[in-house]
Amino acid sequence: MIRAFVSGLRVDLLQLIRSPFDMVGMLVWPLVFASIAFLLLGHETGERTLFTAALGAAVMIMWGWVILGAGFALDTQREQGTLELVVGAPTPLVVLISPVMIARAVFGVYGLVLTLLWGRLVFGIPFLIDDWAAFFFAAVGCILAIGTLGLIAASTFVLYRAAFYFGISLQYPVYIACGLILPFSVLPGWLRPVSWLLAPTWGFRALREAASAQAPWPDIGVCFGLSAVYILIAIPCLAFFEHLARDRATLKLA
Amino acid sequence: MSFSVEPGELFGLLGPNGAGKTTSIKILTTLLLPTSGSVRVLGFDPVRQPNEVRSRVGYVFGGDRGLYDRLSALDNLRYFADVYRVPARQKGKRIAELLELVGLTGRERDRVETYSRGMRQRLHIARGLLHDPPVIFLDEPTIGLDPVGARELRETVAALRDSGKTILLTTHYMFEADELCGRVAVINKGRIVAEGTPKSLKAGVHDRTVIEVVAFNVSEAALESVRSLDGVDSLAVEAEDQMQVLSVQSARGAALIQPLLATLSDAQVTSVTAREPTLEDAYVQLVSEP
C-alpha cells in the first residue's frame, strides 16, 4: 500500500508539472493572492502584520489548490477513464486518492515559499521567522491537515460528475469560516466553533505562532491530531461514496 | 439473463448497442452494482467480495480512454503494477514481458499522448495483464482500430486464450467472435436470445440464403417494401455515403431475386449475389426477431 501511495504521488506530480496550463496557474496564483493581501494592508502596516498576511495567503493557496486541484484531478481521471480502473483495483481507494490531495498540498509549500519571496522582493517584507524548526513542523502539519481535510471532500468527488464545480463551492466558505479573508471579530459568533473543525484555521495559527516563536507546538499538535481524525472520517466516507457511485453508475463520465 | 463461462474458455457476448454487454462486464468487474440477481466470479461475489474479485480479474476496454496521457507507457505500467499489487521484485520483469507481448518494446518511454490508437489499445492489454489475472474481460477491444491493428490485437487475444486464460469478450464484429470464441451468447434488450458455439448459431440459419444487393439511392419506402416482400425474413442495411448494401435473408430456395429487383427499380443496383449465411447473418436474424 505504501508503494501504491508513493507511486500515486509521483504520477500526480508528473501529470501536474507536465501541464503548461496548470503550471502557469501555479506560478500566477500565489503572486496574485500575496499582492492583494499586501496592497490591501498597505505599507504603513507593520512588517509583522504584513508577514502574517503572507502566511494567511499561503494557507489560502494550499486549501485552494487542494480543493480545486483535487476536484479537477478527479474530473480528469473520470474523463480519461482511469477513475474506473483505480476504483476497480484491489488497493483501498483511500490509498489511491490521498496522493492527489497530498501532492496538491505539497505544492502549497511552493506557494508558501513563493508568497514569502514575492513579499520580500517586491514589497520589502523581511522573513520574520523566529523559530525555524517549529516553522518547518508547522508547515508539515498544515499540509497534512489541509490535504486530509481535502480527502473527506474528495470522497464526494468520486460520486459527483461535476467534482471541480463542487470544489469551487467549497473554496471560499472555508476561507471565510477560518478567518482568512475577514477577521473573526466581524463574523457571526457561531462561525468560531466551525472554524475549530477546519484544518486551515490551525494550520494558519501554527505557522503564525511558529514564525513569532509564541508557543506554536499546541497548534502544530492539533494539526497532526486533526489529520488523524480526518483520515478516520475519510476512510468510511470514501467507502460509502464509492458504493453509491457503483450503484448510480457515475464512475464514468457518460 | 443467465450464463456461465468455463475456466480457460473464450466466451463472446454479442449484441446491439444498449443490449447490456458493457453493463454485464461492469457488474462482473465490481464497477457497478446489480439491481437484482446474483453473479459469481471464480466463486466470489463481486458485490460482497469486491477485493477478492478485483485482484483476480483484468479489465480492458476499447477506445482512447483508460491511460494517463501525459505519462510514458512505462510510467503507466509502473503505477498500475503498484495499484494492482504486483510484487516489487517481479514488477520490472513483468512489465518488460508485457511490453514485448504487445509489441511496445522500444517505445515504452514515449508519452502515451504521442501513441496511435492501436498502440494505446495494446498498452491497455498490457495494463490489464499486469497482475497476471486468471480472468480477463475485454470490452470491444478492437473498436476504432485499423484492420492491421485489429488483426494484431486478435492475435494477442488468441495467444492469451491459448495460454489458458478465461476471457469474456464483447464485440460488434461477428467475424471476430467467429474467429476467437469457443462459445457466444447473443444479448438483446437485456436478455440472452441465443447461446452456443459460433457453428451452432450459424446452423440456426443453415436453411437460409442471403442475397446481397449493392445499390445507390435506395429510398426508405423501397426498403420498407423489401421488408414486406413475401419470403423475406430479415433485412440488414449498411450505408456508405450514397451506396447501400442490403443483406436480405430468406428461406433457401425462395425465388426472391426478381421481386427484389422489381422493388428496387427506382434505385441503381450494381450487383446482386447470393451466398451462404455467416455468423453475422445469424446474429442479425436473432436481434431482428421481435
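From a predicted model like this one, the values you see are computed outputs, not experimental measurements.

What about the overall build of chain B?
Line of reasoning, step 1. When helices and strands are tallied, chain B shows eleven helices and ten strands.
Line of reasoning, step 2. With respect to the principal axes defined by its C-alpha atoms, chain B has extents near 70 × 40 × 30 Å.
Line of reasoning, step 3. A separation of at least 24 residues holds for 72% of the contacts in chain B among residues at least 6 apart in sequence.

A word on the overall build of chain A
Line of reasoning, step 1. Looking only at helices and strands, chain A features ten helices and zero strands.
Line of reasoning, step 2. Moving toward the C terminus, one meets the helices and strands of chain A in the order α-α-α-α-α-α-α-α-α-α.
Line of reasoning, step 3. Since a compact globule built from 254 residues should have a radius of gyration of about 18 Å, the 18 Å found for chain A is in line with a globular shape.
Line of reasoning, step 4. Projected onto its principal axes, the C-alpha positions of chain A cover 55 × 40 × 35 Å.
Line of reasoning, step 5. Of the contacts formed within chain A by residues at least 6 apart in sequence, a portion of 80% connects residues at least 24 apart.

Side note on the interface of chain B and chain A
Line of reasoning, step 1. Between chain B and chain A, the residue contacts involve 23 residues of the former and 24 residues of the latter.
Line of reasoning, step 2. Those elements that place two or more of their residues in the side of chain B that touches chain A are α2 (50–54) and α3 (73–83) of chain B.
Line of reasoning, step 3. The leading source of residues in the side of chain B that touches chain A is α3 of chain B, at five residues.
Line of reasoning, step 4. Across the side of chain B that touches chain A, the residue classes tally to ten nonpolar, five polar and eight charged.

Points about the packing of helix α6 (residues 132–159) of chain A against helix α9 (residues 199–211) of chain A
Residues and elements named next belong to chain A.
Line of reasoning, step 1. For the pair α6 and α9, interaxial distance at closest approach is 9 Å and the crossing angle is 175°. Overall, the two elements α6 and α9 adopt an arrangement that is roughly antiparallel. Along its contact with α6, which presents Ala-134, Phe-135, Ala-138, Ala-139, Gly-141, Cys-142, Ala-145, Ile-146 and Leu-149, the element α9 presents Ala-199, Pro-200, Trp-202, Gly-203, Ala-206, Leu-207, Ala-210 and Ala-211.
Line of reasoning, step 2. When its residues are assigned to classes, the contact of α6 with α9 shows 15 nonpolar, two polar and no charged.

Comments concerning the domain arrangement of chain B
All names here are of chain B.
Line of reasoning, step 1. Domain parsing of chain B yields domain 1 (10–201) and domain 2 (204–288).
Line of reasoning, step 2. Placing the centre of domain 1 and that of domain 2 at their C-alpha centroids yields a distance of 35 Å.
Line of reasoning, step 3. For the side of domain 1 that touches domain 2, the secondary structure elements donating two or more residues are α7 (174–180), β5 (183–188), β6 (191–196) and α8 (198–203).
Line of reasoning, step 4. The element that contributes the greatest number of residues to the side of domain 1 that touches domain 2 is α7, accounting for three residues.
Line of reasoning, step 5. Grouping the amino acids of the side of domain 1 that touches domain 2 by side-chain chemistry returns nine nonpolar, two polar and one charged.

Observations concerning the environment of Gly-128 of chain B
Residues and elements named next belong to chain B.
Line of reasoning, step 1. Take Gly-128: it is sitting in helix α5 (residues 117–129).
Line of reasoning, step 2. Placed 32 residues apart in sequence, Gly-128 and Leu-160 show a C-alpha to C-alpha distance of 12 Å.
Line of reasoning, step 3. For Gly-128, the contacting residues outside a window of four places in its chain are Gly-58, Tyr-59, Val-60 and Ile-136.

Some points on the nonpolar core
Line of reasoning, step 1. The biggest cluster of nonpolar side chains holds 146 residues, and the ones touching the most others in it are Ala-54, Val-59, Met-62, Cys-142, Ile-146 and Leu-207 of chain A.
Line of reasoning, step 2. If you tally residues by element for this core, the top one is helix α3 (residues 47–80) of chain A, at 19 residues.
Line of reasoning, step 3. For this core, the domains that each give at least three residues are domain 1 (10–201) and domain 2 (204–288) of chain B.
Line of reasoning, step 4. One finds Val-213, Val-226, Leu-246 and Leu-260 of chain B within the second-largest nonpolar core, a separate group that totals twelve residues.

Here's the deal with the environment of Pro-259 of chain B
Residues and elements named next belong to chain B.
Line of reasoning, step 1. Looking at the secondary structure, you find Pro-259 in helix α10 (residues 257–263).
Line of reasoning, step 2. For Pro-259, a count of 16 C-beta atoms within 10 Å translates into the label partly exposed.
Line of reasoning, step 3. For the pair Pro-259 and Ser-163, spaced 96 residues apart in sequence, the C-alpha to C-alpha distance is 51 Å.

Focus: the sheet that holds strand β1 (residues 10–14) of chain B
All names here are of chain B.
Line of reasoning, step 1. Ordered in space as β2-β3-β4-β1-β5-β6, the six strands form an open sheet in which the pairing is mixed. Where the open sheet ends on each side, the last strands, each with one partner, are β2 (57–61) and β6. Across the sheet, the axes of successive neighbouring strands diverge by a mean angle of 15°, strand direction being ignored.
Line of reasoning, step 2. Looking at chain direction, β2 and strand β3 (residues 135–139) are connected through five bridges and run parallel. Pairing of Phe-61 across the sheet is with Asp-139, part of β3.
Line of reasoning, step 3. Its contacts with the sheet put α5 on β2 and β3, and the angle it makes with β2 is roughly 165°.

Conventions we followed
- Residues numbered from 1 in each chain as written.
- Chains lettered and ligands numbered in written order.
- Predicted model: local features only at pLDDT ≥ 70, side-chain atom pairs only at ≥ 80, totals over all residues.
- Helix = DSSP H or I, 4+ residues; strand = E, 2+ residues; numbered from the N terminus.
- Contact = placed C-beta atoms within 7 Å.
- Rg over C-alpha atoms; globule rule 2.2 N^0.38 Å.
- Nonpolar A, V, L, I, M, F, W, Y, C, P; charged D, E, K, R; others polar.
- Axes fitted to C-alpha atoms, helices over the stretch in contact; angles between N-to-C directions.
- Parallel < 35°, antiparallel > 145°, perpendicular 65-115°, else oblique.
- Domains from an automatic or database assignment.
- Core = buried A, V, L, I, M, F, W, Y, C linked by C-beta atoms within 7 Å.
- Buried ≥ 20, exposed ≤ 12 C-beta atoms within 10 Å, placed from the backbone.
- Pairing = 2+ DSSP bridges.

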